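What follows is each chain in one-letter form.
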Amino acid sequence: MISLTMQNALNAQINAEQASAQLYLAMSAHCDGKSFKGFAHWLKVQASEETMHANKLIDFLLDRGGKLELRAIPAPPTEFGSITQVLEATLAHEKGITAKINALFELARSEKDYASEIALQWYVAEQVEEEANVGQIVDHLRAVGEQGGGIWYLDSKMGKRALV
Ligand code: FEO
């Protein structure tokens, strides 16, 4: 049986993952509105991935006999600026999620909750990948700028991301 402390912390992380999905959906719509269909697609896939992250934690919580307490998801903004600013905001958001996952991992360790620690290892590794992927996109955007044809090439590449 999972401790109440760990249960509350996992419920908070489930909410953070669901809020990430909402944020990326809003970003996707913003890019779509600028006719950057590739970036819109990439962000929509990212939103699906965040829902998967939340659902994986829900399954784990329930498997441990915990109680799922879904919380309200704050409404994301509707304006995000330029495409580069969208991806910079994505990177900043992912760094925030990494900090939350690390704190959760630390809590599992201090609680001697070995099952949670092992489950959270997947998220620690996933965050390394998330930050690396988004960081690379930000680097490419900064390199090509938003005036020439480079950004449309990037847009076509972003549109090729496979669905999860
Ligand atoms: Fe589930 Fe992108 O962190």
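Residues numbered from 1 in each chain as written. Predicted model: local features only at pLDDT ≥ 70, side-chain atom pairs only at ≥ 80, totals over all residues. Heavy atoms only, no water.

Colleague: Explain the overall build of the chain to me, and be specific about the residues and the numbers.
Modeller: Helix and strand counts for the chain come out as five helices and zero strands. Of the regular secondary structure in the chain, the N- to C-terminal order runs α-α-α-α-α. Taking the principal axes of the C-alpha coordinates as reference, the chain spans close to 55 × 25 × 25 Å. Looking at the 164 residues of the chain, the share that counts as buried comes to 45%. Excluding contacts between residues fewer than 6 apart, the proportion of contacts in the chain whose partners are at least 24 apart in sequence is 82%. Surface summary for the chain: the accessible area is close to 8400 Å², and the carbon and sulfur share equals 56%. Of the side chains in the chain, 15 bear a positive and 21 a negative charge, and the two mean positions are spaced by 1 Å. (Helix = DSSP H or I, 4+ residues; strand = E, 2+ residues; numbered from the N terminus. Buried < 20%, exposed > 50% of the residue type's maximum accessible area, 1.4 Å probe, protein only. Contact = heavy atoms within 4.5 Å. Areas by Shrake-Rupley, 256 points an atom, 1.4 Å probe, with all protein chains shown as cover. Lys, Arg positive; Asp, Glu negative; His and termini not counted. Charge placed at Lys NZ, Arg CZ, Asp CG, Glu CD.)

Colleague: Residue-level account of helix H1 (residues 4-33), with values.
Modeller: Between its first and last C-alpha atoms H1 spans 44 Å; for 30 residues at 1.5 Å apiece the expected length is 44 Å, and the two agree. Counting buried residues along H1, 21 of its 30 residues qualify, which places the element largely inside the surrounding structure. A positive backbone phi angle near 65° is found at Ser35, which sits one or two residues after H1. (Expected span 1.5 Å × (residues − 1).)

Colleague: Lay out the side chain of Glu130 with the relevant residues and their values.
Modeller: Looking at where Glu130 falls in the secondary structure, it is placed in helix H4 (residues 114-144). No salt bridge forms around the buried Glu130; measuring N to O, its nearest opposite-charge neighbour Arg161 is 5.0 Å away. Residues within four places of Glu130 in sequence aside, it is in contact with Gln46, Glu49, Glu50, His53 and Glu94. (Salt bridge = Lys/Arg side-chain N within 4 Å of Asp/Glu carboxyl O.)

Colleague: Which residues make up the packing of helix H2 (residues 37-63) against H4, and what are the values?
Modeller: Between two packed helices, what matters for the description is the angle formed by their axes and the separation of those axes. In the contact formed by H2 and H4, the axes pass within 12 Å of each other and the chain directions differ by 170°. Taken as axis vectors, H2 and H4 run roughly antiparallel relative to one another. Counting all contacts with H2, which are made through Phe39, Trp42, Gln46, Glu49, Glu50, Met52, His53, Lys56, Leu57 and Phe60, the residues of H4 involved are Ala115, Ser116, Ala119, Leu120, Trp122, Tyr123, Glu126, Glu130, Val134, Ile137 and Leu141. Residue composition of the contact of H2 with H4, by class: 13 nonpolar, three polar and five charged. (Axes fitted to C-alpha atoms, helices over the stretch in contact; angles between N-to-C directions. Parallel < 35°, antiparallel > 145°, perpendicular 65-115°, else oblique. Nonpolar A, V, L, I, M, F, W, Y, C, P; charged D, E, K, R; others polar.)

Colleague: Could you give an account of the pattern of salt bridges, with specific residues and numbers?
Modeller: Enumeration according to the criterion identifies five salt bridges in this entry. A salt bridge links Lys37 to Asp32; its shortest N-O distance comes to 3.0 Å. Judged by relative accessible area, Asp32 falls into the partly exposed class, the value being 34%. A salt bridge links Arg109 to Glu117; its shortest N-O distance comes to 2.9 Å.

Colleague: Go over the nonpolar core, please, and point to the residues and values.
Modeller: One recurring pattern in soluble globular proteins is that nonpolar side chains are buried together. By size, the foremost hydrophobic cluster in this structure holds 23 residues, and its most contacted members are Cys31, Phe39, Ile83, Leu87 and Leu141. Those elements that provide at least two residues to this core are H1, H2, helix H3 (83-110), H4 and helix H5 (150-158). Those residues within four positions of Leu87 in sequence are excluded, and the remaining contacts are Phe39, Trp42, Val134, Ile137, Val138 and Leu141. The next biggest cluster of nonpolar side chains, apart from the first, holds 18 residues, and it includes Leu57, Ile58, Leu61 and Phe105. (Core = buried A, V, L, I, M, F, W, Y, C linked by side-chain atoms within 4.5 Å.)

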